[in-house]
Amino acid sequence: MADLKVISLLPAATEIICALGLESQLIGRSHECDFPESIRELPVCSSAKFISGSDSQEIDRQVKEILSDALSIYTIDREMIRRLNPDVIITQAQCEVCAVSLKDVETALEGLLDKECRIISLEPNVLGDVYNEIKNIAAVFGVSDRGDNLLEQAGERIDIIRHKLKFISEKPRVACIEWLAPLMIAGNWTPELVEVAGGEPVLAVNGKHSPFVDFVDLANADPEIIIVMPCGFSIPRTLQEISLLLDLPGWHDLRAVKSNRVYIADGNQYFNRSGPRLTDSVEILAEIINPKQFVFGYEGEAWIKFNLA
């Protein structure tokens, strides 16, 4: 198969392409694609209409305002795509807020290229979906053996965790916060990751979209562990806005807060991306939930324990 030129408009897809050894065929990326470091030099083919430096409440307000006008919150650089002339564009149909959507790409490509351009749209809901999409992308690019190897390695790493937890019956209740204001609990594949890592997820259902919740719901669930992993936020970015949680009436009465089991994880690089590093995300959760059993070396870089002192 001839090398296919690909533009990835989704960070997770960029990571999949690179993990499959296809980085040399990647000719363009989205404004959010930033891993591995080597892809940052590629032409950028999209931008966001909201002001990314705003706080959580302001980003939420801007996004809802744009969507209420039936507009996309992202802009695709049609001229850049025309010049790059890709054979394949990878996007997603999972969340119109998180990244450039399938509809955006289909609209942008109308009458743009003088050849057929294949659109691959990812829509994973659970971990198995993510692994199937890795397998499918590998097949499209004629590297199925690499996809199989990648998934075999991921399976082995997860099996190690499952095996070690086989005889541990205690499963602490875990809330994973995906947005600070309004409060949102991480859904989709995250509840499954929590279960694999030895916890019991609360307030979200595996395979279902992340729900907005009231603080009273969190207080009633009163989880033993809280992990803050806002969508698109690094740890320093989350720390800038952690007061949105600390100032909630009743926050300091939560069991997780009183027992000093509140953690901040890099949601942007790990949990929010439906790519190969979800396997890393399981290991991160295992370190947090069962620290006596697991030390993978992520603490300090991918997650920290949050202390008020």
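Residues numbered from 1 in each chain as written. Predicted model: local features only at pLDDT ≥ 70, side-chain atom pairs only at ≥ 80, totals over all residues. Heavy atoms only, no water.

**Description of the environment of Lys49**
Here is step 1 of the chain: Secondary-structure assignment places Lys49 in the loop between strand S3 (46-48) and helix H2 (56-68).
Here is step 2 of the chain: Along the backbone, Lys49 and Thr75 are 26 residues apart, and their C-alpha atoms lie at a distance of 6.9 Å. (Helix = DSSP H or I, 4+ residues; strand = E, 2+ residues; numbered from the N terminus.)

**Comments concerning the sheet that holds strand S6 (residues 118-122)**
Here is step 1 of the chain: Across the sheet, four strands lie side by side as S2-S1-S5-S6; this open sheet has parallel pairing. Two strands bound the open sheet, and with one partner strand each, they are strand S2 (26-29) and S6. Strand after strand, the sheet turns through a mean of 25 degrees between neighbouring axes, direction not considered.
Here is step 2 of the chain: In this sheet, strand S5 (residues 88-92) lies alongside strand S1 (residues 6-8) in parallel orientation, the contact comprising three bridges. (Pairing = 2+ DSSP bridges. Axes fitted to C-alpha atoms, helices over the stretch in contact; angles between N-to-C directions.)

**Concerning the environment of His209**
Here is step 1 of the chain: Take His209: it is sitting in the loop between strand S9 (200-201) and helix H8 (215-221).
Here is step 2 of the chain: Between the C-alpha atoms of His209 and Gly250, which are 41 residues apart in sequence, the distance is 26 Å.

**Describing the pairing of strand S10 (residues 225-228)**
Here is step 1 of the chain: Neither face of S10 is exposed, since Ile225 and Ile227 on one face and Ile226 and Val228 on the opposite face are all buried.
Here is step 2 of the chain: Relative to S10, strand S7 (residues 173-179) runs parallel, the two sharing four bridges. Across the sheet, the residue bridging to Cys176 is Ile227, located in S10.
Here is step 3 of the chain: Taken together, the three bridges between S10 and strand S11 (residues 262-265) define a ladder with parallel strand orientation. Residue pairing across strands places Ile226 opposite Val262, the latter belonging to S11. (Buried < 20%, exposed > 50% of the residue type's maximum accessible area, 1.4 Å probe, protein only.)

**Some details on the packing of helix H5 (residues 127-140) against helix H6 (residues 144-165)**
Here is step 1 of the chain: In the contact formed by H5 and H6, the axes pass within 7 Å of each other and the chain directions differ by 155 degrees. By the angle class used here, H5 and H6 are roughly antiparallel. Between H5 and H6 lies a crossing of right-handed hand. Residue-level inspection shows Leu127, Tyr131, Ile134, Lys135, Ala138 and Ala139 of H5 in contact with H6, the latter providing Ser144, Gly147, Asp148, Leu150, Leu151, Ala154 and Ile158.
Here is step 2 of the chain: Class assignment for the residues of the contact of H5 with H6 results in nine nonpolar, two polar and two charged. (Parallel < 35°, antiparallel > 145°, perpendicular 65-115°, else oblique. Left-handed = near helix turned anticlockwise from the far one by under 90°. Contact = heavy atoms within 4.5 Å. Nonpolar A, V, L, I, M, F, W, Y, C, P; charged D, E, K, R; others polar.)

**Observations regarding the pattern of salt bridges**
Here is step 1 of the chain: Following the criterion strictly, the structure yields twelve salt bridges and no others.
Here is step 2 of the chain: Arg157 serves as the salt-bridge partner of Asp280, at 2.8 Å between the closest nitrogen and oxygen. Residue Asp280 is found in helix H12 (residues 278-289), and its partner Arg157 is found in helix H6; the two are separated by 123 residues along the sequence.
Here is step 3 of the chain: One salt bridge in this structure joins Arg255 and Asp222, with 3.8 Å as the shortest N-O distance. Pair noted here: Arg255 is in helix H11 (residues 255-258) and Asp222 is in the loop between H8 and S10, with a separation of 33 residues, a long-range link.
Here is step 4 of the chain: Look at the salt bridges and you will find they share partners, linking Glu15, Asp34, Arg273 and Arg277 into a network. (Salt bridge = Lys/Arg side-chain N within 4 Å of Asp/Glu carboxyl O.)

**Things to note about H5**
For an α-helix the count is 3.6 residues per turn, leaving residues at separations of three or four pointing the same way.
Here is step 1 of the chain: In this model H5 runs 20 Å from its N-terminal to its C-terminal C-alpha over 14 residues, within 8% of the 20 Å that 1.5 Å per residue would give.
Here is step 2 of the chain: Taken as a whole, H5 has its buried residues at Leu127, Val130, Tyr131, Glu133, Ile134, Ile137, Ala138 and Val140.
Here is step 3 of the chain: Where H5 is buried, its residues contact helix H1 (11-19), S5, S6, H6, helix H7 (190-196) and H12.
Here is step 4 of the chain: Where H5 terminates, the next one or two residues include Gly142, which has phi positive at roughly 70 degrees. (Expected span 1.5 Å × (residues − 1).)

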